[in-house]
Amino acid sequence: MADEEEDVPFEEDAEDAGGGLDGGQGKRKRLFSKELRCMMYGFGDDQNPYTESVDILEDLVIEFITEMTHKAMSIGRQGRVQVEDIVFLIRKDPRKFARVKDLLTMNEELKRARKAFDEANYGS
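Definitions and limits used
Residues numbered from 1 in each chain as written. Predicted model: local features only at pLDDT ≥ 70, side-chain atom pairs only at ≥ 80, totals over all residues. Heavy atoms only, no water. UniProt positions renumbered as here; feature names shortened; annotations may be inferred. Axes fitted to C-alpha atoms, helices over the stretch in contact; angles between N-to-C directions. Helix = DSSP H or I, 4+ residues; strand = E, 2+ residues; numbered from the N terminus. Parallel < 35°, antiparallel > 145°, perpendicular 65-115°, else oblique. Contact = heavy atoms within 4.5 Å. Buried < 20%, exposed > 50% of the residue type's maximum accessible area, 1.4 Å probe, protein only. Arc of directions from axis to C-beta. pLDDT = per-residue confidence, 0-100.

The name an unreviewed UniProt entry assigns to the chain is Transcription initiation factor TFIID subunit 13, from the organism Patagioenas fasciata monilis. Database annotation for the chain, UniProt heading Subunit (unreviewed entry): "Component of the TFIID basal transcription factor complex, composed of TATA-box-binding protein TBP, and a number of TBP-associated factors (TAFs), including TAF1, TAF2, TAF3, TAF4, TAF5, TAF6, TAF7, TAF8, TAF9, TAF10, TAF11, TAF12 and TAF13. Interacts with TBP, and more strongly with TAF10 and TAF11." Per UniProt, the chain has the following entry under Subcellular location (unreviewed entry): "Nucleus".

What follows is the structure, given as structure tokens:
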């Protein structure tokens, strides 16, 4: 009986243990590890950076994405994230704004090129 009572608080403590965004070490699937490793190498890090460095960077990226998504959901149409909302949020950061503008322009060009390619191949 006494052993059972001692085990219950330990199990509760084990559930509460661990912190951060993943709720404990290794429980959350790493979504951007491969891409972040490549980016870190491209920006001058070692070809195989420390896993801890990649994990910290991934936590920062996920935190940034989460915050931006929550902010975007609170403006414009409530509960929906639209491209215009993201553009609105980053309008005061010239580097981010220029990059988003370039990516959106490139996306439109790719859409037009795909459409032209499909029309050429399948005939309209």
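### Points about the packing of helix α2 (residues 33–42) against helix α3 (residues 51–74)
Relative orientation of the contacting elements α2 and α3 amounts to 110°, with a least axis distance of 10 Å. Accordingly, the angle class assigned to the pair α2 and α3 is roughly perpendicular. Only Thr51, Ser53, Val54, Leu57, Glu58 and Val61 of α3 make contact with α2, whose side of the interface consists of Ser33, Leu36, Arg37 and Met40.

### Regarding α2
Here α2 has its buried residues at Ser33, Leu36 and Met40. Buried positions in α2, seen along its axis, are confined to an arc of 65° and lie on one side of it. For α2, the exposed residues set more than 90 degrees away from the buried face come down to Lys34, Cys38 and Gly42. Packed against the buried residues of α2 are α3. Glycine 44 occupies a position one or two residues after α2 and carries a positive phi of about 105°.

### Observations regarding the confidence of the model for the chain
Per-chain confidence: the chain averages 82 in pLDDT, with 77% of residues scoring 70 or above. Across the chain, the secondary-structure element scoring lowest on mean pLDDT is helix α1 (residues 2–16), at 41, and the one scoring highest is α2, at 96. Across residues 1–24 the pLDDT falls below 50, and counting only partners more than four positions away or on other chains, this stretch makes 11 contacts in the model.

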